[in-house]
Amino acid sequence: MKGKKKLLAEFLEKSRLFNIARKIPANTLTIINYHRIYANKLDTEFDAGVFGSSVNEFEQQMAFLQKHVNVLSEQDIIGLVRTGKSLSGRNAFVTFDDGYRDNYQLAVPILKKYHIPALFFIPTKNIEESTLGWWDIISYFINHANEKNILLNEKFVPLQTPENKENAKQELLIYMKTARHEESKKLLTELSARCGVKFPSRAVQREELMSWEQIKEIANTDGLSIGSHTVSHRVLSTIENHEELRELQDSRIFLQQKLSCEINSIAYPVGGYHAFSERTKRNAHQAGYTLGFSFNTGTNYNTITDSFDIKRISPEKNLSIYKVNVILPRLFTNNNPFAGRHGERSEGG
Ligand SMILES: [Zn+2]
């Protein structure tokens, strides 16, 4: 499927069809959600699956957006929601989840260079306590594992080849997305023992995440803004109502106090339709948010129909597919109900 998409996208781009398509009227808003950007070569002891583009690819993507579509800001989207206005033309919006340090070091300079607004969603406890998400810790354990096999779900899983290790990570990521919070914490401790690898130090984890000073600087930069990604990045559909409300309220209040600005937007962790519910949307409204963003849920057509399920897609590494997703989004629909980051590596970014 991926190969066919690439061929079709490259064909459209090389032929005049793509130029003609650009002239066809469309009222769309494509929101591209990034997690991590890498410098030259992708080299990490944590989750390689959350890296979307290299910094050079990111620059090409931003140059394309600036030249060919209307690039919106968080305030523009709030305006659209408040007025109920329809979308006009081809629009794009750039967001980042999880608060990784490369967002500040690599992405922000390019966003400034091309005057591209962006919204960064921060899980407050991860920054405050310098702790990476479960997807990074799982990858760290598996990457450093000394054992040839580990016991997972009552069966022995081999860890001898890179492919074995990738399969083990996938299995664990899928489990963690649906496990209750208490079980998922227990699993990480067990996995540490089974792999014979200690948890990475706070100092090592801190290196991967933005500091509050860096987040403040982003909040104070024209066009750039901060949103909440909950307190602890728990999958909201796996927790009780009162816990969900706390995750939404406490993160907003904390960010507002820390950054001395209004926090209007929330991105639901993982973000696919299995990861949040109608209850989440009601709670987000009650917690004072104006906008709620889902993930890997597609493109917004004509108008923002639900301000607490604003759809986002992953960035495609291939520039031709990236362009098609923005110019002709209906061609490759990306509405996968089980999608969401952290375990959906095949979808990229
Ligand atoms: Zn996230």
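Throughout, a residue's number is its position along its own chain's written sequence, starting from 1. It should be noted that, the model being predicted, local features are given only for residues of pLDDT at least 70 and side-chain atom pairs only at 80 or more, the latter also being counted only at that level, while totals for whole chains, interfaces and linings use all residues. Note that water and hydrogens are dropped before the side-chain values are worked out from all heavy atoms of the structure.

**Let's talk about the overall build of the protein chain**
Okay, so step 1: A run of H or I in DSSP counts as a helix once it spans at least four residues, and a run of E counts as a strand once it spans at least two, with each numbered from the N terminus. The helix and strand tally for the protein chain stands at 14 helices and 12 strands.
Okay, so step 2: Principal-axis analysis of the C-alpha atoms places the extent of the protein chain at approximately 60 × 45 × 35 Å.
Okay, so step 3: Relative to its full complement of 349 residues, the protein chain shows a buried share of 57%.
Okay, so step 4: Of all intrachain contacts in the protein chain linking residues separated by at least 6 positions in sequence, the fraction that spans at least 24 positions is 74%.
Okay, so step 5: If you sum the accessible surface of the protein chain, you get close to 15500 Å²; carbon and sulfur atoms cover 50% of it. Partly exposed describes any residue whose relative accessible area lies between the buried limit of under 20% and the exposed limit of over 50%, with all areas from a 1.4 Å probe on protein chains only and scaled to the type maximum. Two residues qualify as a contact provided that any one of their heavy atoms is within 4.5 Å of a heavy atom in the partner residue. Method for areas: the Shrake-Rupley scheme with a 1.4 Å probe, in which residue coverage is limited to the protein chains shown.

**A word on the layout of surface pockets**
Okay, so step 1: Considering only enclosed or pocket space, the largest pocket measures out at about 620 Å³ in volume.
Okay, so step 2: At the level of secondary structure, the elements contributing two or more residues to the lining of the largest pocket comprise α6 (124–128), α7 (134–144), α9 (181–195) and α10 (202–208).
Okay, so step 3: For the lining of the largest pocket, the element with the highest residue contribution is α9, accounting for 5 residues.
Okay, so step 4: When residues are sorted by character, Ala, Val, Leu, Ile, Met, Phe, Trp, Tyr, Cys and Pro go into the nonpolar class, Asp, Glu, Lys and Arg into the charged class, and all the rest, Gly among them, into the polar class. Looking at the lining of the largest pocket residue by residue, the classes come out as 9 nonpolar, 10 polar and 6 charged.
Okay, so step 5: Residue ranges labeled as domains rest on an automatic or database domain assignment. Taken together, domain 1 (2–131 + 209–347) and domain 2 (134–195) each give at least three residues to the lining of the largest pocket, which thus spans both. A 1.4 Å probe that fits into a set of points on a 1 Å grid over the protein atoms alone but cannot get out defines a cavity; an open set with protein on both sides within 12 Å along at least five of seven lines defines a pocket, and lining residues are those with an atom within 4 Å of a point. Grid points are joined across faces, edges and corners, and a volume is the space filled by probe spheres set on the points.

**Overview of empty space enclosed by the protein**
Okay, so step 1: Taken as a whole and assessed by the stated rule, the structure comprises 2 cavities of 30 Å³ or more.
Okay, so step 2: Computed from the structure, the second largest cavity encloses a volume of approximately 50 Å³.
Okay, so step 3: Together, Asp 98, Tyr 100, Pro 123, Asn 126, Thr 131, Leu 132, Gly 133, Trp 135, Asp 136, Leu 209 and His 233 line the second largest cavity.
Okay, so step 4: A class-by-class count of the residues in the lining of the second largest cavity yields 5 nonpolar, 4 polar and 2 charged.

**Some thoughts on the domain arrangement of the protein chain**
Okay, so step 1: Once the domains are mapped, the protein chain shows domain 1 (2–131 + 209–347) and domain 2 (134–195).
Okay, so step 2: Between the C-alpha centres of domain 1 and domain 2 there is a distance of 28 Å.
Okay, so step 3: Domain 1 puts 22 residues into the contact, and the matching count from domain 2 is 16 residues.
Okay, so step 4: Buried surface at the junction of domain 1 and domain 2, both sides included, amounts to about 1700 Å², of which 51% is carbon and sulfur.
Okay, so step 5: Criterion for a salt bridge: a side-chain nitrogen of Lys or Arg within 4 Å of a carboxyl oxygen of Asp or Glu. Along the contact surface separating domain 1 from domain 2 lie 0 salt bridges.
Okay, so step 6: Pairs of N or O atoms within 3.5 Å make up the polar contacts considered here, provided that, within protein, one atom can donate a hydrogen while the other can accept it, and that residues adjacent in sequence are counted only when both atoms are side-chain atoms. Seen at the junction of domain 1 and domain 2, the total is 6 residue pairs in polar contact (both at pLDDT 80 or more). Accessible area, probed at 1.4 Å, shrinks when two parts are joined; the buried area is that loss added up over both.

**With respect to the pairing of strand β1 (residues 28–34)**
Okay, so step 1: Along β1, 7 of the 7 residues are buried, which leaves the element largely enclosed by surrounding structure.
Okay, so step 2: Here β1 shows two buried faces, one formed by Thr 28, Thr 30, Ile 32 and Tyr 34 and the other by Leu 29, Ile 31 and Asn 33.
Okay, so step 3: Two strands pair when backbone bridges link them, and β1 and strand β5 (residues 90–97) are joined in this way by 7 bridges, in the parallel orientation. Among the inter-strand pairings, Tyr 34 is bridged to a residue of β5, identified as Phe 96. Note on pairing: two strands pair once DSSP finds at least 2 bridges between them.

**What about the packing of aromatic side chains?**
In this description, an aromatic ring pair is defined by two values, namely the gap between the centres and the angle between the planes.
Okay, so step 1: Here the aromatic set is Phe, Tyr and Trp, taking the six-membered ring for Trp, and pairing holds for ring centres within 6.5 Å; pairs whose planes are under 30 degrees apart are stacked, those over 60 apart are edge-to-face, and all others are tilted. Inspection of every chain in the model, using the stated rule, returns 14 aromatic pairs.
Okay, so step 2: When the centroid spacing of 5.2 Å and the interplanar angle of 25 degrees are considered together, the rings of Tyr 34 and Phe 96 count as stacked. Of this pair, Tyr 34 sits in strand β1 while Phe 96 sits in strand β5; the two residues are 62 residues apart in sequence, bridging distant segments of the chain.
Okay, so step 3: Here, a charge over a ring is recorded when the distance from Lys NZ or Arg CZ to the ring centre is within 6 Å and its angle to the ring normal is within 35 degrees. The lysine or arginine in question, Arg 252, covers the ring of Tyr 289, its NZ or CZ lying 5.7 Å from the ring centre.
Okay, so step 4: If you follow Arg 330 out to its NZ or CZ, it ends over the ring of Tyr 301, 3.8 Å from the centre.

**Topic: the environment of Phe 199**
Okay, so step 1: Looking at the element boundaries, Phe 199 is found in the loop between α9 and α10.
Okay, so step 2: In this structure Phe 199 comes out as partly exposed when scored by relative accessible area, which is 39%.
Okay, so step 3: Sequence separation between Phe 199 and Ile 137 is 62 residues; the distance between their C-alpha atoms is 7.5 Å.

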